[in-house]
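Structural characterization, general
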Amino acid sequence: MVKPEKIHRSSLVTPPPVGGMRPVKMETSPISGTSENMGAQGNSGTQKNSGTQKNSTMHGSGGIQGNMETLGEDTQKVGGSQNGEIREGSRNATDVEAGKNPVDSENVDGTEKAEKGEGAEHSESDGNLEGGEVAERLQRLLALKNRLNRDSLQLARRSWVLILVLVAVLLLLGYVLKQVHYYTVGRYAVLEDVSVTQNRGNQGQVEISYRVVTPGRVHCSRISGKMKTDLIYDYQKACEDRQSWNWNYVPGEPIQVTLWSRKGARRVSETIECPTSNVVDIVILMDTTESMDSSIQALKEKCQEFAVKLKEQSVTPRFALVGFGDAVRGGNWISISDFTEDVTRFYETVEKVARFDGGDLPESSLDALMYAIEKVKKDSEGHAIRFYLVTDQTFHPTAVDGKMDAVAVGKMLQENRVMLDVFCRPQFREEYEPLLGDCGHFREIENFGEVLSQGRFLEN
């Protein structure tokens with residue numbers, strides 16, 4: 001077994017500091033191979049010692065192996081240091097030959113190394129500074145990212161809340177619109193064959209007819225001047241209907257009638273204007289036979305008051321008097337006065353009215369009405385026309401010509417826009433009904449004076 005050679009650690013020279021390196025004498029151990037290798041190249045000696053280390057590892061014990069490994073490392077360090085000193089010594093020798101001061105060279109080298117060290121220190125400091133800035137920026141970016149994530153989450157939550165609120169608002173709005181549509185359009189009836197006409201005899205009477213196709217509400221509005229009236233009809237099933245309005249109006253102002261119904265999904269209206277006149281032609285048809293004294297006296301007493309009441313209703317009255325008896329007897333049986341606005345003149349006409357013999361009970365009321373109709377055809381164009389027939393007897397079945405009966409005369413009255421009020425005994429109501437049409441009235445003869453004093457021209 002070959003024993004490894006011992007190397008004396010005390011014989012190794014420690015290299016001087018970097019700033020003051022000088023060539024030094026290097027002492028070696030008695031190991032010839034190792035010394036020669038170091039004189040030529042430090043690494044070769046190190047490799048030879050490494051070979052010795054390997055042998056020690058193979059043949060020595062565990063303690064020797066550890067010492068040999070430590071010895072090999074130290075030998076490499078010493079070899080490197082000696083090689084550096086040898087190179088440094090060679091450079092100083094070259095400087096001396098060139099006439100340079102080795103100390104200056106050392107100083108220059110020291111300065112260069114110091115500058116390099118300072119530069120390296122600055123580089124390291126810059127590197128540390130840049131690294132710190134990068135870390136700070138990364139932290140900021142990370143914080144910004146976290147903040148953006150939180151904001152995005154809050155925004156998403158708010159967006160969902162906003163969507164839910166919007167959906168709720170839309171549903172509520174849809175419900176409100178549905179209710180509004182129902183109350184303004186949906187609950188109205190669908191109508192067909194709508195007709196709005198003004199009564200020929202009573203200019204304040206408006207007649208409306210229609211056919212209800214779909215049940216619902218029908219709204220009627222009537223306006224005359226500043227007077228407005230509304231009527232609402234609710235129909236539960238399809239039907240045909242006819243409505244007649246006869247209320248107060250402003251004479252001379254048109255009556256505006258509007259009818260609201262539904263057509264599809266829309267509410268529609270139809271408006272018709274009915275003209276009115278503030279001039280009314282009043283014809284008093286008075287039975288002047290002997291039994292009519294009380295009625296003639298009531299006319300004398302009430303005609304003045306009657307005229308005043310009419311003017312209070314913004315009406316300009318014109319009066320005419322038709323006195324009659326029984327045409328069947330022949331001879332003079334009728335007298336007709338002209339229209340006049342002067343109530344005093346009319347009063348004088350009443351006082352001077354001719355009196356006729358009645359003969360048998362029936363009187364010639366139909367013939368008197370026909371004469372009065374011919375008069376208003378010529379003199380009452382565009383005026384409201386009102387006839388007051390005052391008698392205590394019924395009439396002959398036909399006129400003198402034998403053709404015109406009560407029904408025919410009633411049609412003539414309607415065609416010429418005449419409204420007829422009959423004052424007679426109650427037992428003759430049925431005979432006079434055909435003359436009244438759809439706007440006339442039958443009243444007891446005892447009420448004639450009272451009706452004149454009230455002057456209710458505009459009321460039904």
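Bear in mind that the values here come from a model prediction, so they are computed numbers and not experimental data. (Residues numbered from 1 in each chain as written. Predicted model: local features only at pLDDT ≥ 70, side-chain atom pairs only at ≥ 80, totals over all residues. Heavy atoms only, no water.)

**What about the pairing of strand β1 (residues 190-198)?**
Quick note on the threshold: Here, a strand pair is defined by DSSP locating no fewer than two bridges between the strands. Segments assigned H or I by DSSP are reported as helices when at least four residues long, segments assigned E as strands when at least two residues long, and all are numbered from the N terminus.
Here β1 pairs with strand β2 (residues 205-214) via 7 bridges, running antiparallel. Note that in β2 the partner of Ser-195 across the bridge is Ser-209. Hairpin connection of β1 to β2: 6 residues between the antiparallel strands.

**As for the packing of helix α5 (residues 293-312) against helix α6 (residues 343-351)**
Under the convention used in this document: Lines are fitted to the C-alpha atoms to define the axes, a helix being fitted only along its stretch in contact, and any angle between axes, read from their N-to-C directions, falls within 0 to 180 degrees. Relative orientations are named as follows: roughly parallel for angles under 35 degrees, roughly antiparallel for angles over 145 degrees, roughly perpendicular for angles from 65 to 115 degrees, and oblique for any other angle. By the convention used here, residues are in contact when the closest approach between their heavy atoms is within 4.5 Å.
Relative to each other, α5 and α6 sit at 175 degrees, their axes nearing to 10 Å. With respect to α6, the axis of α5 lies roughly antiparallel. Of α6, the residues touching α5 (which contributes Ile-296, Leu-299, Lys-300, Cys-303, Gln-304 and Ala-307) are Val-343, Thr-344, Phe-346, Tyr-347, Val-350 and Glu-351.

**A few points about the confidence of the model for the protein chain**
Rules: Summary of the metric used: pLDDT quantifies the predictor's per-residue confidence within the range 0 to 100.
For the protein chain, the average pLDDT comes to 77, and 71% of its residues sit at 70 or higher. Contacts for the low-pLDDT stretch residues 1-86, under 50 throughout, to residues beyond four places or in other chains number 71 contacts. Predicted confidence is poor over residues 92-105, with pLDDT under 50, and the contacts of this stretch with residues over four places away or in other chains come to 7 contacts.

**Quick word on the sheet that holds strand β11 (residues 384-390)**
Here 6 strands make up an open sheet; going across it, the order is β10-β9-β8-β11-β12-β13 and the pairing mixed. Unpaired on one side and paired on the other, β10 (334-336) and β13 (441-444) mark the two borders of the sheet. The sheet shows a mean angle of 20 degrees between the axes of neighbouring strands, direction not considered. In the sheet, strand β8 (residues 279-287) pairs with β11 via 7 bridges, with the strands oriented parallel. When the sheet's bridge partners are listed, Ile-282 is paired in β11 with Arg-386. Contacts from helix α9 (residues 429-436) reach β11, β12 (418-424) and β13 within the one sheet, and its direction differs from that of β12 by about 170 degrees.

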